[in-house]
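Breakdown of the fold
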Amino acid sequence: MPEPPLLDTSVPHPARVYDYWLGGKDNFAADREAAEAGFAAWPGVLSSVRANRAFLRRMVGHLAVEAGIRQFLDIGSGLPTASNTHEVAQAAEPSCRVVYADNDPVVLLHARNLLASSPEGATDYLQADIREPGEILEGAARTLDFTRPVAVMMLGILHFLVAEDDPYGIVARFMAAVAPGSYLAISHLASDVNPDVMAEFTRSMHERGVRDRLRSRAEVGRFFDGLELLEPGVVLVSKWRPDSDLEVRAGTSLWGGVARKPAVRISSADCGGRTTG
Ligand SMILES: C[S@@+](CC[C@H](N)C(=O)[O-])C[C@H]1O[C@@H](n2cnc3c(N)ncnc32)[C@H](O)[C@@H]1O
């Protein structure tokens, strides 16, 4: 039996800080203090986290309904909240299969709420770290068929990876493991939107031990290298295919984008210029 993960409630953890901003109850005093300090530095954090969840809802809906995606790997899923990935996907198509992964032990404690699948589909939860792609891919393969397209979701997580973690290498590792026709969806805190406010926000998070690394639109765009970006490209999450003017007007400092892994090109020397996938 693996050791249960250690739960240290004396230091803030991103999942619980985020839960507090979303109005959830699965957080501790240290998380609330950090969340309040973050809000003092960046009052727009509240509308930003809501805009991020709305982006998730629209993006998963688009992939399930219009792109025909039936498998989702949601890494850094966060604590259960409104419109979890499997709820959105299975509302569109009940046979959708969803694997969640997060490194916060509190998410594990609440994971049963993420596992209430439709009878036709399936859900699973992995207590895992995105910096161990092999472990996540191996665990996810129990539920997902990696010979078929998968939507790899990394919403609000990559800004917790610093350069030494090799975030671009990690994303590339996941996208190398999925079939052509798979998708990558990212949302990421922006360094180049309200830069002074965001720098103060980051400083206040670092002071409390939450390490993060904000990135510019160009830096976020690099995560999609080699993939086909869907319209409208890398934009503020509130501007990614919004449903209403109200959504567009939501203040946010998160970049978001969705891209498709192209078919494998076989050179004409191999077989007359055919394309597979
Ligand atoms: C800001 S929340 C985003 C939650 C959800 N994806 C969303 O966008 O609404 C970030 C999540 O990433 C998780 N996380 C942070 N670093 C992680 C890591 N190295 N491995 C796995 N999960 C991580 C946190 O526990 C948290 O649940």
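In this text the structure is predicted, and so the values were computed from the model without any measurement.

Points about the confidence of the model for the chain
One rule of thumb: low pLDDT means the predicted coordinates there are not for detailed reading. Across the chain, the average pLDDT comes to 91, with 94% of residues at or above 70. Confidence drops under a pLDDT of 50 for residues 273-277, and excluding neighbours within four residues, the segment shows 12 contacts in the predicted structure.

Comments concerning the site of the ligand
By nearness alone, 19 residues border the ligand, and Y18, N52, R53, G76 and D102 come closest of all. Interatomic distance of 2.5 Å between a side-chain N/O atom of D102 and an oxygen atom of the ligand. Between L155 and the ligand, the recorded distance is 2.8 Å, taken from a backbone N or O atom to a nitrogen atom. Burial of the ligand by the protein chains amounts to 96% of its free accessible area of 590 Å². Secondary structure elements with two or more residues in the shell around the ligand: α1 (14-21) and α3 (45-65). The class makeup of the residues in the shell around the ligand is 7 nonpolar, 7 polar and 5 charged.

What about the pairing of strand β4 (residues 151-155)?
For β4, a buried count of 5 out of 5 residues is recorded, marking the element as mostly surrounded by other parts of the structure. Neither face of β4 is left uncovered, since the one carrying A151, M153 and L155 and the one carrying V152 and M154 both have all their residues buried. Here 3 bridges tie strand β1 (residues 71-75) to β4, and the two strands are oriented parallel to one another. Bridging from a neighbouring strand, F72 pairs with A151 of β4. Traced from β4 through helix α7 (residues 167-177) to strand β5 (residues 183-189), the parallel crossover comes out right-handed.

Some points on the packing of helix α6 (residues 133-140) against α7
Contact geometry for α6 and α7: axes closest at 10 Å, N-to-C directions at 30 degrees. Of the possible angle classes, the one that applies to α6 and α7 is roughly parallel. The handedness of the crossing between α6 and α7 is right-handed. Here P133, G134, I136 and L137 of α6 lie close against α7, whose contacting residues are I170, R173, F174 and A177.

Details of α6
Listing the buried residues of α6 in full gives P133, I136, L137, G139 and A140. Along the axis of α6, the buried positions cluster into a sector of 165 degrees, meaning they face one direction only. Its buried side turned inward, α6 meets β1, β2 (97-102), β3 (122-127) and α7.

Comments concerning the side chain of D74
Tracing the sequence through the fold places D74 in strand β1. Buried and unpaired, D74 has no salt bridge, with R53 as the nearest side chain of opposite charge at 6.0 Å. Looking at D74, its side chain comes within polar contact range of the side chain of T85, at 2.7 Å. Residues in contact with D74, not counting those within four places in the same chain, are T85, V99, Y100, A101 and M153.

Quick notes on the side chain of R16
You can see R16 is positioned in helix α1. Residues in contact with R16, not counting those within four places in the same chain, are L7, D8, T9, V11, D26, N27, F28, D31, L79, D104 and V106.

A few points about the pattern of salt bridges
By the definition in use, this model includes 14 salt bridges. E247 serves as the salt-bridge partner of R58, at 3.0 Å between the closest nitrogen and oxygen. Residue R58 is found in helix α3, and its partner E247 is found in helix α10 (residues 245-249); the two are separated by 189 residues along the sequence. Grouping residues by exposure puts R58 and E247 together as buried. Ionic pairing is found between R208 and E207, a salt bridge with its closest N-O pair at 3.5 Å. Residue R208 is classed as partly exposed on the basis of its relative accessible area, which comes to 23%. Sharing partners across several salt bridges, the network here consists of E33, E200, R203, E207 and R208.

Calculation notes
- Residues numbered from 1 in each chain as written.
- Predicted model: local features only at pLDDT ≥ 70, side-chain atom pairs only at ≥ 80, totals over all residues.
- Heavy atoms only, no water.
- pLDDT = per-residue confidence, 0-100.
- Contact = heavy atoms within 4.5 Å.
- Near = heavy atom within 4 Å.
- Polar contact = N/O pair within 3.5 Å; in protein donor to acceptor, adjacent residues only side chain to side chain.
- Areas by Shrake-Rupley, 256 points an atom, 1.4 Å probe, with all protein chains shown as cover.
- Helix = DSSP H or I, 4+ residues; strand = E, 2+ residues; numbered from the N terminus.
- Nonpolar A, V, L, I, M, F, W, Y, C, P; charged D, E, K, R; others polar.
- Buried < 20%, exposed > 50% of the residue type's maximum accessible area, 1.4 Å probe, protein only.
- Pairing = 2+ DSSP bridges.
- Right-handed = clockwise from strand over helix to strand, strands pointing away.
- Axes fitted to C-alpha atoms, helices over the stretch in contact; angles between N-to-C directions.
- Parallel < 35°, antiparallel > 145°, perpendicular 65-115°, else oblique.
- Left-handed = near helix turned anticlockwise from the far one by under 90°.
- Arc of directions from axis to C-beta.
- Lys, Arg positive; Asp, Glu negative; His and termini not counted.
- Salt bridge = Lys/Arg side-chain N within 4 Å of Asp/Glu carboxyl O.

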